[in-house]
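# Report on the structure
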Amino acid sequence: MALPALPTLAPSVEDFDDSVALVVPAPGPGPGNWAGAASALLVDGTYWLTYRVRRPLTDGRGVTVVVARSQDGVASEPVAEVHRDAFGAESFEKPVLVPVPGGWRLYLSCATPDSKHWWVDSLTATTVEGLPAGERRVVHPGSDLVGVKDPVVTHGPGGWEMWLCCHPLDLPGHEDRMTTRRLSSADGLAWQDHGEVLAGTPGEWDARGARVTTALGDGWFLYDGRPDAASNWYETTGLARWDGARLVPDRTVGPLRSPYSDGALRYASAVRLPDGRTRFYVEASRPDGAHDLVTMLRP
């Protein structure tokens, strides 16, 4: 598989304007209003998009997760919605939808109230519409020392694989730090942890942390990160390749960023199309500081 033309994902204001289509607008104007943290897949010619809707800290943070379908990858129709209150969560972040035998499973990133801890939960149902009332099961509880969120989940003949974002909780005030660990599973519910595979590099744009956001195929991945704590929520995107033991950042690419406001270009997701092109979805900042969920096609 040829590697998508990632350096042209958003190299300039002109290219960004001409090639990017709006999928879901932020729920309001200004910083802290975000639509994104999305995952996407193509099943039998239909796109399935899953994203969280977030408001500023004073207005409730990540309030809902929406599952939507689309025929063209741009215009989407909401099919199911899950509210954080159903999980006793203070906020939601990146969700993941996957087909399973006999139905669908939705993975959810949930924030523990009054803490910096996160855990990964799930809902399984026979239809997408039935997911809000589906069978619930905690997938990864995290621990007193680590919060876990934003999984990237794939499965095939060899089983299931998860790339999990981990936030160490050992230093108060520094919980924004993040690394990525690789896990495997036979059923997508019980997971075996194979250890850390990606971390930030001192002195680089991802020094504060690195989070896998999508698998491109042939061992290539997109990840996002930031250089310091002040850049939390404003991550930019880079490229890494699996060397058999770890993910190695490609320093010739990135960081890819929005030309607007805080520069955020994060939570990238990629769908490989039958014609060989790739459709990317990404949460991107706009001039007023809000973040929209947008999409773009690349060769």
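To be clear, the structure that these remarks concern was listed above.
Just so it is clear, the structure is predicted and the values come from calculations on it, not from any experiment.

### Looking at the side chain of T278
Tracing the backbone through its elements, the reader meets T278 in strand 19 (residues 278-285). At 2.7 Å, the side chain of T278 and the side chain of R272 are in polar contact.

### Observations concerning the sheet that holds strand 15 (residues 220-226)
The sheet built from four strands is open, its strands ordered 14-15-16-17 with antiparallel pairing. Edge positions in the open sheet fall to strand 14 (209-217) and strand 17 (247-249), since each of these has one partner strand only. Within the sheet, the average angular offset between the axes of one strand and its neighbour, ignoring direction, is 40°. Bridge count for strand 16 (residues 236-242) against strand 17 is three bridges, and the pairing is antiparallel. Of the residues in strand 17, the one forming a bridge with W242 is L247.

### Some remarks on the sheet that holds strand 10 (residues 146-156)
Taking strand neighbours across the sheet as the criterion, the four strands line up as 10-11-12-13 in an open arrangement whose pairing is antiparallel. Two strands bound the open sheet, and with one partner strand each, they are strand 10 and strand 13 (191-198). Strand after strand, the sheet turns through a mean of 25° between neighbouring axes, direction not considered. Inspection of the sheet shows strand 11 (residues 159-168) paired to strand 12 (residues 179-185) by seven bridges, in the antiparallel sense. Bridge pairing in strand 12 links C166 to T179.

### Describing the environment of V53
Positionally, V53 belongs in strand 3 (residues 46-54). With 18 residues separating them in the primary sequence, V53 and A35 have C-alpha atoms 4.8 Å apart. In this view, V53 contacts P27, W34, R61, G62, V63, T64 and V66; residues no more than four positions away in its chain are not counted.

### Structural notes on the packing of aromatic side chains
The way to describe two aromatic rings as a pair is by their centre distance and the angle between their planes. A complete count under the given rule lists six aromatic pairs for this structure. Where W163 meets W242, the ring centres are 5.5 Å apart and the plane angle is 75°; that geometry is what we call edge-to-face. Of the two residues, W163 is situated in strand 11 and W242 in strand 16; the sequence distance between them amounts to 79 residues. Of the residues examined, W163 reaches a relative accessible area of 2% and is grouped as buried. According to the relative accessible area criterion, W242 is partly exposed, its value standing at 27%.

### Let's talk about the pattern of salt bridges
The tally for this structure, following the rule as stated, stands at 24 salt bridges. Notably, a salt bridge pairs D176 with R226, separated by 2.8 Å at the nearest N-O pair. On the criterion of sequence distance, the pair formed by D176 in the loop between strand 11 and strand 12 and R226 in strand 15 is long-range, its members being 50 residues apart. Between E196 and R246 there is a salt bridge, and its shortest N-O distance comes to 3.5 Å. Of this pair, E196 sits in strand 13 while R246 is found in the loop between strand 16 and strand 17, placing the two residues 50 residues apart along the sequence. On the accessibility criterion, E196 (35% relative accessible area) is partly exposed. For R246, a relative accessible area of 33% gives the class partly exposed. Salt bridges linked by common partners bring R52, E93, K149, D150, D176, R208, R211, D224, R226, E235, R266 and E283 together as one network.

Parameters at a glance
- Residues numbered from 1 in each chain as written.
- Predicted model: local features only at pLDDT ≥ 70, side-chain atom pairs only at ≥ 80, totals over all residues.
- Heavy atoms only, no water.
- Helix = DSSP H or I, 4+ residues; strand = E, 2+ residues; numbered from the N terminus.
- Polar contact = N/O pair within 3.5 Å; in protein donor to acceptor, adjacent residues only side chain to side chain.
- Pairing = 2+ DSSP bridges.
- Axes fitted to C-alpha atoms, helices over the stretch in contact; angles between N-to-C directions.
- Contact = heavy atoms within 4.5 Å.
- Phe/Tyr/Trp six-rings, centres within 6.5 Å; stacked < 30°, edge-to-face > 60°.
- Buried < 20%, exposed > 50% of the residue type's maximum accessible area, 1.4 Å probe, protein only.
- Salt bridge = Lys/Arg side-chain N within 4 Å of Asp/Glu carboxyl O.

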